[in-house]
Amino acid sequence: MIKWIFFDVGSTLVDETEAYDHRAREMIGNTSITFKDFDDVRIALAKQGLDGNSAAIKHFGLTKTRWHSEDEVPYSDAHSTLTALVDKGYKLGIIANQKLGTAERLEFWGLHQYFDVIAASAEIGYAKPDKEIFEKAFELAGCTAVESIMVGDRLDNDIIPAKAIGMKTVWVKNGLAQYQSAEFGEGVADYQVNSLSEILSIL
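Definitions and limits used
Residues numbered from 1 in each chain as written. Predicted model: local features only at pLDDT ≥ 70, side-chain atom pairs only at ≥ 80, totals over all residues. Heavy atoms only, no water. Salt bridge = Lys/Arg side-chain N within 4 Å of Asp/Glu carboxyl O. Helix = DSSP H or I, 4+ residues; strand = E, 2+ residues; numbered from the N terminus. Buried < 20%, exposed > 50% of the residue type's maximum accessible area, 1.4 Å probe, protein only. Core = buried A, V, L, I, M, F, W, Y, C linked by side-chain atoms within 4.5 Å. Contact = heavy atoms within 4.5 Å. Phe/Tyr/Trp six-rings, centres within 6.5 Å; stacked < 30°, edge-to-face > 60°. Lys NZ or Arg CZ within 6 Å of the ring centre and 35° of its normal. Pairing = 2+ DSSP bridges. Right-handed = clockwise from strand over helix to strand, strands pointing away. Axes fitted to C-alpha atoms, helices over the stretch in contact; angles between N-to-C directions. Parallel < 35°, antiparallel > 145°, perpendicular 65-115°, else oblique. Left-handed = near helix turned anticlockwise from the far one by under 90°. Nonpolar A, V, L, I, M, F, W, Y, C, P; charged D, E, K, R; others polar.

Q: So what exactly am I meant to see when it comes to the pattern of salt bridges here?
A: Two side chains bearing opposite charge may form a pair once their charged atoms approach each other closely. A complete count under the given rule lists 12 salt bridges for this structure. For the salt bridge of D40 with K36, the shortest nitrogen-to-oxygen distance reads 2.7 Å. With a gap of four residues between them, D40 and K36 both fall in helix α2 (residues 35-47), about one helical turn apart. What makes K36 exposed here is its relative accessible area of 56%. Residues D158 and K128 are paired through a salt bridge, measuring 2.4 Å at the closest nitrogen-oxygen approach. You can see D158 sitting in helix α8 (residues 155-164) and its partner K128 sitting in the loop between α6 (121-124) and α7 (131-141), a full 30 residues away along the chain. Here D158 falls in the buried class, since its relative accessible area comes to 1%. According to the relative accessible area criterion, K128 is buried, its value standing at 5%. Put simply, D8, K128 and D158 are held in one network by salt bridges that share partners.

Q: Just to check I follow, could you spell out the nonpolar core for this structure?
A: Where a protein is soluble and globular, its nonpolar side chains tend to be buried together. Ranked by size, the top nonpolar core spans 27 residues in total, and within it I5, F7, L13, L92, L111 and F115 carry the most contacts. If you list the elements that add at least two residues to this core, you get β1 (4-7), α4 (78-87), β4 (91-96), α5 (102-109), β6 (148-152) and β7 (168-172). When neighbours within four sequence positions are excluded, F115 is seen to be in contact with F7, L13, L82, L92, G93 and I94. Grouped together as the second largest cluster of nonpolar side chains are 16 residues, F6, F134, C143 and A145 included.

Q: What am I meant to see in the packing of aromatic side chains here?
A: Tallied over the full model, the rule gives five aromatic pairs. Note on W4 and F6: the rings are 5.6 Å apart at their centroids and 15° apart in plane angle, and the pair reads as stacked. Across the pair, F6 and W4 agree in class, each one buried. On the numbers, 6.1 Å between centres and 65° between planes, the contact of F6 with F138 is edge-to-face. Of this pair, F6 sits in strand β1 while F138 sits in helix α7; the two residues are 132 residues apart in sequence, bridging distant segments of the chain. Judged by relative accessible area, which is 10%, F138 ranks as buried. Pairwise contacts between aromatic rings join W4, F6 and F138 into one cluster. Geometry around F35 places R25 over its ring, the cationic atom sitting 4.8 Å from the centre.

Q: Is there a simple way to think about the pairing of β4 in this case?
A: On a regular strand, one side chain projects to one face of the sheet and the next to the other, so that they alternate. Extensive coverage of β4 is indicated by the burial of five of its six residues. The pairing of β1 with β4 spans four bridges and is parallel. From the neighbouring strand, F6 faces β4, where its bridge partner is G93. Where β4 and strand β5 (residues 117-120) come together, four bridges link them in parallel fashion. Bridging across to β5, I94 finds its partner in I118. Since β4 and β5 lie parallel, the crossover through α5 that links them has a hand, and here it is right-handed.

Q: Where do I start with the sheet that holds β1 in this structure?
A: In any sheet, the strands associate via hydrogen bonds between backbone groups, in a parallel or an antiparallel arrangement. As summarised here, the arrangement of the six strands in space is β5-β4-β1-β6-β7-β8, forming an open sheet in which the pairing is parallel. Strands with a single pairing partner mark the edges of an open sheet, and in this sheet they are β5 and β8 (191-193). Across the sheet, the axes of successive neighbouring strands diverge by a mean angle of 20°, strand direction being ignored. With four bridges connecting them, β6 and β7 associate as parallel partners. Across the sheet, residue M150 finds its bridge partner in β7, namely T169.

Q: Sorry, what's going on with the packing of α2 against helix α3 (residues 52-60) here?
A: Two quantities define a packed helix pair, namely the angle between the helix axes and the distance between the axes. Contact geometry of α2 with α3 gives a least axis separation of 8 Å together with a crossing angle of 125°. As summarised for this structure, α2 and α3 are arranged oblique, according to the angle between their axes. Remark: the crossing between α2 and α3 carries right-handed chirality. Between α2, through D37, F38, V41, R42, L45 and A46, and α3, the contact on the second element is made entirely by G52, N53, A55, A56, I57, H59 and F60. Split into classes, the residues belonging to the contact of α2 with α3 amount to eight nonpolar, three polar and two charged.

Okay, structure coming up:
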């Protein structure tokens, strides 16, 4: 029986589109690469099942600039979906690769109130896909893998490692995952959804 639902943050609860675009514009600022060039390549690489942004940076030989957290905003259905899940009796947690200050950012976005456990890489000392960050979240929550479900946008960081340790999984196709074929998730994710609110039809 599922008691806990764990969420990734970026491109799962929070729309990072403008933050990624801001970084892209800065990286290509003194090059001959246009934003369209970069955007076309990251989408093409995402369609191949890769982490499109990171793969595009490597493709062009660019150096990452700082991350602009101020550009991140919760998805429009984040609050209503989390409220509904809490009302259904689920406990909610975070398992995410995030820089320091995840709790404060969640508070700023008005999302902190929904979560009983926050396992973020900068504070925990482990990062996905390592199993240790998942195990630490279970320890904090007082639950087991089989009592929990992982919701995330990336197959490599969220779905595959969660599935490997016995969690149920929901692949939410936000961000660049929207361009990825459902075939990538077949036999990997237990469920596939195109938005957070679709989770309510599963849980």
